[in-house]
Amino acid sequence: MTTNLNPDPLVRFLGKPRAEFTRADIIRYVKENGIEMINLRYPGADGRLKTLNFIINDEEYLESILTCGERVDGSSLFPYIEAGASDLYVVPRYRTAFRNPFSEIPAVDLLCSYYTKDGTPLDMAPEQTLRRAHEELRRATGLDFHVMGELEFYVVSPLQELFLADDQKGYHESTPFNKGAAFRTLAMKYIAEAGGLIKYGHSEVGNFTQGDRMYEQNEIEFLPTDLEDAADQLMVAKWIIRTLAWQQGVDVTFAPKITVGKAGSGLHINLSLYMDGKNLFEGDIAPDSVAGSFMAGVLAHSRELTAFTNPLPNSYQRFGCDEAPRYVSWSRQNRSQLVRIPMVKGDNCRMELRSPDPACNPYLAIGLILAAGLDGIEKRMVLQPPVNRNLFDAAEAKGLGLETLPATLEEAVQVAEESEFLRKVLPEGLSKRYFSEELKRCAALRSAPDRAEHERVYYFNAI
């Protein structure tokens, strides 16, 4: 592997890919690069990374941190863990190590997995849903599976009157009409240095002013990689984007919908299946082929997955407009479909699920999408014909008899609660508490004296 052009300083220094990092590698990097701190990071139930900071006292202490991790209070991180039996351990995964781009104290950060006091992986951790689905797919089919996300977000800054882009026409805009270009490219640099595999970044359609604020939508698209790495890099990317925004004194939001009539933000999930090195999404897809059955499974369970891929009341304002789907259907190239097969060749061939949004937990979302596809393969589901219509046009959709995605979060939760499929793939404790928390979100929004202010506090700045 040639590492001299790799943006990740650990990869360059160690001369090996991240997947091959060992504890000894991390120790050597720390000792030879003046690293003074280790930060362990791990996602909580709210989808944000949590942190433990360790000042390195000596090599023995460093080795202990990297080997054993540390104990945390699980009941403060997950609502479905009881306080009486809440001790968990967070143990670092060496392949996730990266040089912290923000810390004034030289630091290496690592993502962690959750373990019980008995040393077994925490079954109810979202990461375990992804890992179980991946292991089951490999066991049942022998397939390899690659994933990449398209992460959209808004940068919000004080209004600058000169060189304003046209309303809702910010797609691929350049400076000076795109004021957030420098922020986006610096975020991309930091994400790449932290191990994120980025394809490209650009400004998106969403562009508008409101009062004395300027709203500019951006997208960072990643390259296909292993499932766990795809979810990890989305978590790290959101943390980096938020932290950079805070550092630069601007707002960033991953909220699915800011206001009516303006483009919402999605997290399109792209998936490729490989058998014996061949991409099964390349060329024609027979309805009863492995790729066809996988797509059929995702479509068949899409309504059940929506509570997880779209976890906010706000998420449902995005469906049916702004290139976000409403109907359960598929087609080639067509951006009005739930599942799209882009016009690409070779290893770029893939299916694109267009409903998820950036508020979702990527471990849960990707894990459940994978499980749905596997169910389609195991049951030999047959892919229905493509719908080659512009479904954003009500007249085009009329009379087709297509199923629709849930119209509200309450409906999505009800569909998920009734799902036999989800009962098989999710731990009961996780799903019951997840649904309870989602319904609490709905109730809190309904009872809020000022809906817009509630969304600003709990969605705009917090997601």
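Structural data are supplied above this passage.
Residues numbered from 1 in each chain as written. Predicted model: local features only at pLDDT ≥ 70, side-chain atom pairs only at ≥ 80, totals over all residues. Heavy atoms only, no water.

Q: Describe the overall build of the protein, naming the residues involved and giving the relevant values.
A: In terms of helices and strands, the protein carries 14 helices and 15 strands. For the protein, the C-alpha radius of gyration of 22 Å lies close to 23 Å, the compact-globule estimate for 463 residues. The principal-axis extents of the C-alpha atoms in the protein amount to approximately 70 × 60 × 50 Å. In the protein, of all internal contacts separated by at least 6 residues, the share reaching a separation of at least 24 is 70%. In the structure as shown, the protein presents an accessible area of about 20,000 Å², 49% of it carried by carbon and sulfur atoms. Here the protein holds 51 positive side-chain charges and 65 negative ones, and the gap between their average locations is 2 Å. (Helix = DSSP H or I, 4+ residues; strand = E, 2+ residues; numbered from the N terminus. Rg over C-alpha atoms; globule rule 2.2 N^0.38 Å. Contact = heavy atoms within 4.5 Å. Areas by Shrake-Rupley, 256 points an atom, 1.4 Å probe, with all protein chains shown as cover. Lys, Arg positive; Asp, Glu negative; His and termini not counted. Charge placed at Lys NZ, Arg CZ, Asp CG, Glu CD.)

Q: If you had to explain the nonpolar core to someone new, which residues and values would you point to?
A: Judged by nonpolar contacts, the single largest core of 126 residues is most densely connected at Y114, I241, F281, F294, F308 and M351. By size, the runner-up hydrophobic cluster in this structure holds seven residues, among which are Y154, F208, Y215 and A263. (Core = buried A, V, L, I, M, F, W, Y, C linked by side-chain atoms within 4.5 Å. Buried < 20%, exposed > 50% of the residue type's maximum accessible area, 1.4 Å probe, protein only.)

Q: An account of a nonpolar patch on the surface is needed here, citing residue identities and associated values.
A: On the surface, a nonpolar cluster with roughly 320 Å² of combined accessible area is contributed by L162, F163 and F177. Locating F163 in the fold gives a position in the loop between strand 7 (144-158) and helix 5 (181-193). (Patch = residues over 30% accessible without salt bridge, like charges linked within 9 Å, V, L, I, M, F, W, Y side chains within 5 Å. Salt bridge = Lys/Arg side-chain N within 4 Å of Asp/Glu carboxyl O.)

Q: Give me the packing of aromatic side chains: which residues, what numbers.
A: Enumeration according to the criterion identifies 16 aromatic pairs in this entry. Three or more aromatic residues joined by ring pairs form one cluster here, namely Y42, F78, Y80 and Y114. Taking the ring centre of F254 as reference, the NZ or CZ of K238 above it sits at 5.2 Å. (Phe/Tyr/Trp six-rings, centres within 6.5 Å; stacked < 30°, edge-to-face > 60°. Lys NZ or Arg CZ within 6 Å of the ring centre and 35° of its normal.)

Q: Go over helix 11 (residues 409-417), please, and point to the residues and values.
A: An α-helix turns once every 3.6 residues. As a result, residues three or four positions apart point the same way. Where helix 11 is concerned, the buried positions are L409, A412, V413, V415 and A416. The arc that holds every buried residue of helix 11, seen down its axis, measures 160 degrees, which confines them to one face. Looking at the buried positions of helix 11, the neighbouring elements they touch are helix 8 (302-309), helix 12 (420-425) and helix 13 (428-447). (Arc of directions from axis to C-beta.)

Q: Would you mind going over the packing of helix 5 against helix 6 (residues 227-248) in detail, with residue names and values included?
A: Helix 6 packs onto helix 5 with a crossing angle of 135 degrees between their chain directions and a minimal axis gap of 10 Å. Classified by the angle between their axes, helix 5 and helix 6 sit oblique to one another. Here helix 5 and helix 6 pass one another in a crossing that is right-handed. Residues F183, L186, A187, Y190 and I191 of helix 5 lie in contact with helix 6, whose contacting residues are A237, I240, I241, L244, A245 and Q248. Here the residues of the contact of helix 5 with helix 6 sort into ten nonpolar, one polar and no charged. (Axes fitted to C-alpha atoms, helices over the stretch in contact; angles between N-to-C directions. Parallel < 35°, antiparallel > 145°, perpendicular 65-115°, else oblique. Left-handed = near helix turned anticlockwise from the far one by under 90°. Nonpolar A, V, L, I, M, F, W, Y, C, P; charged D, E, K, R; others polar.)

Q: Tell me what's going on with helix 14 (residues 451-460), and back it up with residues and numbers.
A: Buried within helix 14 are the following residues: H454, E455, Y459 and F460. End-on view of helix 14: buried residues confined to an arc of 160 degrees, all on one side of the axis. Of the surrounding secondary structure, the elements contacted by the buried residues of helix 14 are strand 7, strand 9 (213-222), strand 10 (251-253) and helix 13. Sitting at the head of helix 14, D450 places a side-chain oxygen 3.1 Å from the backbone nitrogen of A452. (Polar contact = N/O pair within 3.5 Å; in protein donor to acceptor, adjacent residues only side chain to side chain.)

Q: Give me the lowdown on the side chain of S265, citing residues and values where you can.
A: For S265, the location among the structural elements is in the loop between strand 10 and strand 11 (267-275). Of the polar contacts made by the side chain of S265, one reaches the side chain of Q217; its length is 3.2 Å. Look past the residues within four positions of S265 in its chain and what remains in contact with it is E152, F153, Y154, Q217, A255, P256, R318, D357 and P358.

Q: Explain the pattern of salt bridges residue by residue, including any values.
A: For the structure on display, the rule yields 36 salt bridges. For R441, the salt bridge identified is with E438, shortest N-O distance 3.1 Å. With a gap of three residues between them, R441 and E438 both fall in helix 13, about one helical turn apart. Since its relative accessible area comes to 27%, R441 is described here as partly exposed.

Q: Kindly report on the pairing of strand 4 (residues 87-92), identifying the contributing residues and their values.
A: Where strand 3 (residues 70-73) lies against strand 4, four bridges are found, and the strand directions are antiparallel. Looking at strand 4, one finds that R71 is bridged to Y89. As defined by bridge partners, strand 4 adjoins strand 6 (residues 107-115) across four bridges and the pair is classed as antiparallel. Bridge pairing in strand 6 links P92 to C112. (Pairing = 2+ DSSP bridges.)

Q: I'd like to hear about unusual backbone geometry, residue by residue, with values.
A: Glycine aside, the phi torsion of most residues is negative, and most peptide linkages are trans. In this structure, P176 follows T175 across a cis peptide bond, with omega equal to 5 degrees. Along the chain, the position of P176 falls in the loop between strand 7 and helix 5. Not every positive phi belongs to a glycine, and Q168 is a case in point at roughly 60 degrees. Residue placement: Q168 occurs in the loop between strand 7 and helix 5. One non-glycine residue, D276, adopts positive backbone phi at about 55 degrees. Inspection of the secondary structure puts D276 in the loop between strand 11 and strand 12 (278-279). Given the relative accessible area of 81%, D276 is considered exposed.

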